[in-house]
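Residues per chain, in single letters:
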Amino acid sequence: MALFAAGLSHKNAPVELREQLAADEDKVREILRDLVGGGALREAVMLSTCNRVEVYGVAEVPGEARAAAFRHLCRQRGVDAAAVEAVLYIHAEDDAIRHAFRVAASLDSMMVGEPQILGQVKDAFALAQACEAVGPSLHTLFTQAFAVAKRVRSETEVARHAVSVSFAAVELARKIFAQLAGRAVLLVGAGKMSELAARHLVEQGAFPIYVVNRTWSRAQELARALAGTAVPFEELGTALGAVDIVITSTGAPKPIVTREMVARVVRGRGTRPLFFIDIAVPRDVEAGVERLGDVYRYDIDDLKSVVDANIRERLREAQRAEAIVEREVAKFRARLSDVEIIPTIVSLRERLEEIRAGEVRKTLARLPDASAETRAAIEALSAGIVNKILHTPITKLRESSRAGAHRSWLAVVNELFGLRRRG
Amino acid sequence: MHPHLQSIAIVAYVCAMGLALTHLVQRQPLVHRLAALSTLIGWVAHTLALIVLAIEVGRPPLGTLANAVSVVVWVVVLLEMLVERQSGVTVLGAFVMPVVVMLSLKASVARPASLAPALGNAWIWIHIALALVGIAAFVLNFAGAIMYLLQDRQIRAKRPGRFYHRLPPLETLDHWTYRTLALGFPFLTTGLILGAVWARTAWGSVFTFDPLAFFSLVAWIIYAGTLAGRAAGGWHGRRAAYFAIIGFAALVVTLGAGLFLPGRHGA
């Protein structure tokens with residue numbers, strides 16, 4: 001049995017090629033049926049996302065099967081096999097295990113730690129299961145991959161810090177305010193990013209939302225979209241006194257929130273901080289307002305540098321995650337070989353028990369006068385012999401399995417005792 | 001105090017401090033668990049040490065100022081563990097344990113001197129106990145203030161530093177320092193008044209110079225001013241945090257004076 005992972009990803013394959021190879025559910029079903037039903041592979045899972053197209057498989061023997069599987073895929077999708085061959089990676093055994101763990105844990109993603117990939121892997125696994133393409137090996141592999149992904153998420157901060165400007169702004173708000181629920185937000189001007197940030201704040205319970213815009217109809221429109229209230233542009237100064245978070249993104253050539261305006265409202269705010277998120281270029285909030293008491297001001301450059309720092313942080317955390325994956329791969333290798341030898345051990349026991357029980361029956365049939373004690377003694381004797389004989393081979397099998405050299409042993413045992421192959 | 005148990009406690013506290021500071025910088029969950037474990041071991045050893053001492057002397061282990069400080073440390077560590085568990089702020093240890101270690105070492109190097117001559121009056125125990133609870137609250141007040149200033153600085157610098165993600169929000173920290181101040185102040189006040197009343201009955205005068213009494217009055221004035229500023233003057237945030245630090249510095253000087261200068265509180 002040979003485990004492998006073959007495919008191509010955003011790392012080295014151009015998007016045109018990924019597009020051509022990517023398959024929808026129906027196509028994946030068809031491909032899995034061909035691969036497993038046709039006997040090329042014993043088990044297979046196919047993962048197809050916009051960033052990667054991969055086949056995880058178990059072949060009878062290592063080698064040719066995995067490249068063949070991918071060539072089949074190319075033919076299926078009408079893609080030039082040579083072009084794929086150039087960027088195709090094939091991982092075998094431990095490397096395949098590692099790859100599955102890294103992909104599921106989002107360490108191989110374009111943005112390390114992005115959350116979608118785990119769901120995509122889960123879907124791919126479920127689809128393969130529905131097609132009956134999953135056997136014990138891939139089942140163990142994928143359930144473990146999900147566990148590893150969960151561990152990485154909870155033990156490292158690889159997915160924790162905001163990597164978009166709007167999320168970074170929300171994260172900052174959460175470091176200033178004890179909670180966002182019930183915080184009033186003022187949106188000045190309209191823009192994709194500012195609207196997105198406002199939406200994130202609303203999701204966290206921020207309320208109420210006020211919208212100011214030079215164009216009254218635009219203000220009303222946006223207020224409706226965010227379930228907020230439109231406020232006339234002239235009342236901007238007053239509105240500042242009533243809110244906790246201000247998001248600005250107008251096209252004004254000069255700051256529209258001046259130091260003077262903020263100074264006027266700051267005194268009446270008591271202990272409540274005021275947080276300006278200025279996404280506009282040129283800036284809408286005059287620099288220096290942050291020196292007025294509990295006022296905090298972040299402009300677009302500040303937010304971008306926060307995002308950059310967070311990305312660096314994710315990459316640092318990714319190194320810790322890699323160490324976790326490495327440990328899990330080692331643990332998993334031992335488990336996987338157990339999965340492979342256990343059926344053989346079970347059939348071996350069953351086979352000998354069958355023989356023993358048969359022989360005991362025959363003997364006892366010839367001894368009708370035997371006392372209960374004699375019968376018990378014969379049973380015990382035969383069972384003892386079987387156990388003694390089995391002891392060494394089973395120990396040997398387990399040892400060789402831990403050492404990773406169990407495959408030839410398995411074949412020998414199966415052959416010698418005439419066992420049926422399982423799993 | 002049983003010397004071995006006390007040493008175990010101090011060593012464990014020192015380990016916990018090192019681990020807690022490492023956790024602050026490195027953010028390894030394992031390091032945090034070890035820090036928590038080390039804190040717990042120290043606290044258990046400390047508890048046993050106090051029990052042994054109480055049995056030996058046959059009364060609450062508050063007979064000398066050094067013992068009393070040791071009890072403060074015990075209360076602070078207990079509170080730190082409870083608050084950390086409840087609030088999930090895993091970095092609290094990094095700010096509390098250094099103070100714990102400092103106070104423990106201070107208490108352990110002071111020459112054991114008894115407050116004995118006037119002890120025996122039940123009021124004196126209440127005086128000591130109230131002052132201790134007050135001091136314990138101010139240790140947490142100080143830790144909150146340090147965390148506030150660090151977090152405020154990081155947010156204003158616009159560069160998320162190493163602690164940014166770990167520290168609680170500014171508002172939470174500000175509430176924290178307010179609440180610990182509001183909790184500690186009445187205890188400290190009552191403790192001081194009892195001390196003064198008792199001093200009059202024992203020595204006939206409230207105003208005989210005693211270094212500990214003098215510095216604790218200074219600390220009290222600082223805290224009283226901060227509390228008044230907060231309650232009536234709208235003080236909060238950085239200003240309140242600076243005063244929390246100044247007040248705590250006065251308290252540390254107070255205890256140092258009590259432990260190392262001659263006076264009515266021992267030494």
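Residues numbered from 1 in each chain as written. Chains lettered and ligands numbered in written order. Predicted model: local features only at pLDDT ≥ 70, side-chain atom pairs only at ≥ 80, totals over all residues. Heavy atoms only, no water.

Notes on the overall build of chain B
What chain B contains, in helices and strands, is eight helices and zero strands. Reading chain B from its N end, one meets helices and strands in the order α-α-α-α-α-α-α-α. A globule of 267 residues ought to have a C-alpha radius of gyration of about 18 Å, and chain B, at 19 Å, matches this closely. The buried share of chain B, reckoned over its 267 residues, is 52%. (Helix = DSSP H or I, 4+ residues; strand = E, 2+ residues; numbered from the N terminus. Rg over C-alpha atoms; globule rule 2.2 N^0.38 Å. Buried < 20%, exposed > 50% of the residue type's maximum accessible area, 1.4 Å probe, protein only.)

Describing the overall build of chain A
Per the secondary structure count, chain A includes 15 helices and 10 strands. Computed over the C-alpha atoms, the radius of gyration of chain A is 33 Å, more than 25% above the 22 Å expected from 2.2 N^0.38 for a compact globule of 423 residues. For the C-alpha atoms alone, the extent of chain A along its principal axes is close to 110 × 60 × 35 Å. Going through the 423 residues of chain A one by one, you find that 50% of them count as buried.

Focus: helix α5 (residues 94–104) of chain A
Residues and elements named next belong to chain A. Burial analysis of α5 places eight of its 11 residues in the buried class, which makes it a mostly covered element. All buried positions along α5 are accounted for by A96, I97, H99, A100, F101, R102, V103 and A104. In the stretch just after α5, S106 is the one whose phi turns positive, near 65°.

Here we look at the sheet that holds strand β4 (residues 89–92) of chain A
All names here are of chain A. If you trace the four strands from one edge of the open sheet to the other, you get β2-β3-β1-β4, paired in antiparallel fashion. Of all the strands in the sheet, the pair left with one neighbour each is β2 (43–48) and β4. Within this sheet the neighbouring strands show an average axis-to-axis angle of 15°, counted without direction. With four bridges joining them, strand β1 (residues 2–9) and β4 adopt antiparallel strand pairing. The residue bridging F4 from the neighbouring strand is A92, located in β4. Strands β1, β2 and β3 (52–59) of the sheet are contacted by helix α7 (residues 136–155), whose axis makes an angle of about 40° with β2. (Pairing = 2+ DSSP bridges. Axes fitted to C-alpha atoms, helices over the stretch in contact; angles between N-to-C directions. Contact = heavy atoms within 4.5 Å.)

Description of the packing of helix α5 (residues 122–157) of chain B against helix α8 (residues 237–260) of chain B
Residues and elements named next belong to chain B. Across the interface, α5 lies against α8 with an axial gap of 8 Å and an inter-helix angle of 140°. When the axis of α5 is compared with that of α8, the two are oblique. Crossing handedness for the pair α5 and α8: left-handed. The segment α5 lies against α8, with I135, F138, V139, N141, F142, A145, I146, Y148, L149, D152 and R156 engaging G237, R238, A241, Y242, A244, I245, F248, L251 and L255. Taken together, the residues of the contact of α5 with α8 sort by class into 15 nonpolar, two polar and three charged. (Parallel < 35°, antiparallel > 145°, perpendicular 65-115°, else oblique. Left-handed = near helix turned anticlockwise from the far one by under 90°. Nonpolar A, V, L, I, M, F, W, Y, C, P; charged D, E, K, R; others polar.)

Let's talk about the interface of chain A and chain B
Interfaces are frequently sized by the accessible area removed from exposure as the parts join. Each partner contributes residues to the interface: chain A has 28 residues there, and chain B has 23 residues. The largest contributions to the chain A side of the interface with chain B come from A:K175, A:Y296 and A:R320, which together make up 30% of the buried area. Here A:D302 makes a salt bridge to B:K158, at a shortest N to O gap of 3.1 Å. Our enumeration of links across chain A and chain B arrives at 18 residue pairs in polar contact (both at pLDDT 80 or more). Elements represented by at least two residues in the side of chain A that touches chain B include exactly α8 (165–176), β10 (295–299) and α13 (300–366) of chain A. A per-element tally of the side of chain A that touches chain B places α13(A) first, with seven residues. Per-class residue counts for the side of chain A that touches chain B are 10 nonpolar, six polar and 12 charged. (Buried area = accessible area lost by both parts, 1.4 Å probe. Salt bridge = Lys/Arg side-chain N within 4 Å of Asp/Glu carboxyl O. Polar contact = N/O pair within 3.5 Å; in protein donor to acceptor, adjacent residues only side chain to side chain.)

Topic: the packing of aromatic side chains
Taken as a whole and assessed by the stated rule, the structure comprises 12 aromatic pairs over all chains. Seen from their ring centres, A:F125 and A:F142 are 5.3 Å apart, and the 15° between their planes marks the pair as stacked. Of this pair, A:F125 sits in helix α6 (residues 116–130) while A:F142 is found in helix α7, placing the two residues 17 residues apart along the sequence. For the pair formed by A:F125 and A:F142, the shared burial category is buried. Where B:W43 meets B:W74, the ring centres are 5.3 Å apart and the plane angle is 20°; that geometry is what we call stacked. With a gap of 31 residues between them, B:W43 in helix α2 (residues 29–57) and B:W74 in helix α3 (residues 65–87) connect regions that are remote in the sequence. One aromatic cluster is present, built from ring pairs that chain together A:Y56, A:F125, A:F142 and A:F146. The ring of A:Y296 has B:R156 sitting right over it, with the charged end atom 4.2 Å from the ring centre. (Phe/Tyr/Trp six-rings, centres within 6.5 Å; stacked < 30°, edge-to-face > 60°. Lys NZ or Arg CZ within 6 Å of the ring centre and 35° of its normal.)

Thoughts on the pattern of salt bridges
In the structure shown here, the tally under the stated rule is 34 salt bridges over all chains. The salt bridge partner of B:R166 is A:E157, with a shortest N-O separation of 2.7 Å. Taken as a pair, B:R166 in the loop between α5 and α6 (170–203) and A:E157 in the loop between α7 and α8 lie in two separate chains rather than in one. In this structure, B:R166 and A:E157 share a single accessibility class: buried. The shortest N-O distance in the salt bridge between A:K362 and A:E359 comes to 3.2 Å.

Things to note about the nonpolar core
Within the largest apolar cluster, 106 residues are counted, with the highest numbers of intra-cluster contacts made by A:L201, A:I245, A:I247, A:F275 and B:Y13. The leading source of residues in this core is α5(B), at 16 residues. Setting aside its immediate chain neighbours within four residues, A:L201 contacts A:V170, A:A173, A:L180, A:V185, A:A206, A:I245 and A:I247. With 67 residues, the next largest nonpolar core counts A:V55, A:V87, A:V152 and A:V329 among its residues. (Core = buried A, V, L, I, M, F, W, Y, C linked by side-chain atoms within 4.5 Å.)

Remarks on the environment of A:P14
If you trace the backbone, A:P14 turns up in the loop between β1 and α1 (15–21). Between the alpha carbons of A:P14 and A:S347 there is a distance of 49 Å; along the sequence they are 333 residues apart.

Notes on unusual backbone geometry
All names here are of chain A. Omega for the peptide link from F207 to P208 comes to -10°, which places this bond in the cis form. The residue P208 is located in the loop between α9 (192–203) and β6 (209–212) in this model. Each neighbour pair has its own omega, and for V281 with P282 the value is -5°, a cis peptide bond. Counting through the fold element by element, P282 comes out in the loop between β9 (274–278) and β10. Of note, the phi angle at E132 is positive, near 55°, even though the residue is not glycine. Checked against the element boundaries, E132 lands in the loop between α6 and α7. Owing to a relative accessible area of 69%, E132 belongs among the exposed residues under this scheme. At A227, a residue that is not glycine, the phi angle is positive and equals roughly 55°.

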